[in-house]
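What follows is each chain in one-letter form.
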Amino acid sequence: MYVIEGLTVHLGRWEDRGWIGVENSRFFKAAAYRLRYRSAITTFEWVKGHNGDPGNEAADGLAREGALKPLPDTLDLSVPNNFTLHGVKLSALTQQIAYQAIRNTKAEKHPPRSSASNNLARIQAGLVEQIEHPETTAQIWLQCQNTNLRPLVRQFLYKAIQHAYRIGDFWTPIAGYEERAVCPFCKDSADNLDHILLECEAPAREVIWLLAADLWPDAYGPCQTSPTTGATPRAPPPPPMMTSLPAPTRGHPAYSRF
Ligand SMILES: [Zn+2]
């Protein structure tokens, strides 16, 4: 329905705003081009999913197959110039659209840090392992800003993913402070969030997980906060707090606990 409405209802408006802030615009642009390129009239019909419709079942099969691929396919989404509308229609330009365009340009100049990409990939792997649900990075960022979380928790999630805490290897290149890169308690271990939360022998680590268990909403079931001391999992799952965030919706009683 989202795709059909995008192509039949919203297309004109999206083109007027120069596709700024439109999700999946690359795919909609390519689809619109292919539809316009056809000389015949195309009609769409919505069918109920998982209901035995051969076309729908085949599409599901392809989607499943695609989701399992280790690397995304390279798709030809190019649209010839004479089929593309460039820029924003002046009468449709608002301050909000202009601001979004500036933000997009800045985001292109500053691609996400590789440490953030690594952490996001680990969170996605953790989600698949724990709740068998892969989540998009956009959705993970969105959940980190969930206003039902206290600002400090939101800040922790954001900074943890961005690798923004001044711990561990942050100090390595700073002359005179190199010893801060090592855990002062375990001495021979690099100090980083993995170590602090999952491996450190310091008693404070126990306290962190007791507090986390205290914070854990009953609605999520029993809290699984007993990472093995000393063990280094190959791809350690993120704290359960993060993995289970997307589950309840707004208004769910679990939210009031955070
Ligand atoms: Zn330690």
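Scroll up for the structure.
Every value quoted in this text rests on a predicted model; they were computed, and no experiment measured them.

**What to know about the packing of aromatic side chains**
Each aromatic ring pair is described using two quantities: the centre-to-centre distance and the angle formed by the ring planes. Inspection of the entire model under this criterion finds 10 aromatic pairs. A ring pair is formed by W14 and W19, whose centres lie 5.9 Å apart and whose planes are at 50°; its orientation type is tilted. W19 shares its class with W14; the two are buried. Each ring, one from Y33 and one from Y37, has its centre 5.7 Å from the other, and the planes form 50°; the classification is tilted. Taken as a pair, Y33 and Y37 lie in helix 2 (residues 25-37) at a separation of four residues, close to a single helical turn. For Y37, a relative accessible area of 59% translates into the label exposed.

**Looking at the coordination of the zinc ion**
Within the first shell, the zinc ion binds the protein through C183 (SG), C186 (SG), H195 (NE2) and C200 (SG), at distances of 2.0 to 2.3 Å. Coordination at the zinc ion is tetrahedral, judged from the four donor atoms that bind it and the angles of 107 to 114° they form at the metal. Spacing between the donor residues of the zinc ion along their common chain follows C-x2-C-x8-H-x4-C. Among the residues examined, C183 registers a relative accessible area of 4% and is labelled buried.

**A closer look at the nonpolar core**
Listed in full, the nine residues of the largest apolar core are L120, I123, L127, I140, C144, L149, V153, L157 and I161. Every element with two or more residues in this core is listed here: helix 5 (114-131), helix 6 (137-144) and helix 7 (151-162).

**Looking at empty space enclosed by the protein**
In total, this model carries two cavities of 30 Å³ or more according to the counting rule given. Considered as a void within the structure, the second largest cavity measures approximately 60 Å³ in volume. In this structure, the second largest cavity is lined by E15, W19, K29, A32, Y33, R36, V79, F83, T84 and L85. For the lining of the second largest cavity, the element with the most residues is helix 2, which contributes four residues. Residues that form the lining of the second largest cavity fall into these classes: six nonpolar, one polar and three charged.

The rules behind these values
- All residue numbers refer to positions counted from 1 along the written sequence of the respective chain.
- For this predicted model, a pLDDT threshold of at least 70 governs which residues receive local features, and a threshold of 80 or more governs which side-chain atom pairs are given and counted, while totals over whole chains, interfaces and linings are taken from all residues.
- Excluding hydrogens and water, the side-chain figures rest on all heavy atoms present in the structure.
- Any two rings among Phe, Tyr and Trp, with Trp reduced to its six-membered ring, count as a pair given centres within 6.5 Å; such a pair is stacked if its planes are under 30 degrees apart, edge-to-face if over 60, and tilted if neither.
- Residue exposure (1.4 Å probe, protein chains only): buried if accessible area is under 20% of the type maximum, exposed if over 50%, otherwise partly exposed.
- Secondary structure follows DSSP: runs of H or I at least 4 residues long count as helices, runs of E at least 2 residues long count as strands, and numbering of each begins at the N terminus.
- Only N, O and S atoms count as donors, using a 2.8 Å limit from the metal and a wider 3.2 Å limit for Na, K and Ca, and since water is excluded some coordination spheres may look unfilled.
- Site shape is set this way: if four donors have all angles between 85 and 135 degrees, tetrahedral; if opposite donors are over 155 degrees apart and all others between 65 and 115, square planar for four donors and octahedral for six; otherwise irregular.
- Here, nonpolar core means buried Ala, Val, Leu, Ile, Met, Phe, Trp, Tyr and Cys residues that are tied together by side-chain atoms lying within 4.5 Å of each other.
- Definitions used for this entry: grid spacing 1 Å over protein atoms alone; cavity, a set of points where a 1.4 Å probe fits but cannot get out; pocket, an open set with protein on both sides within 12 Å along at least 5 of 7 lines; lining residue, one with an atom within 4 Å of a point.
- Grid points are joined across faces, edges and corners, and a volume is the space filled by probe spheres set on the points.
- Gly is put with the polar residues, along with every residue not named as nonpolar or charged; the nonpolar set is Ala, Val, Leu, Ile, Met, Phe, Trp, Tyr, Cys and Pro, and the charged set is Asp, Glu, Lys and Arg.

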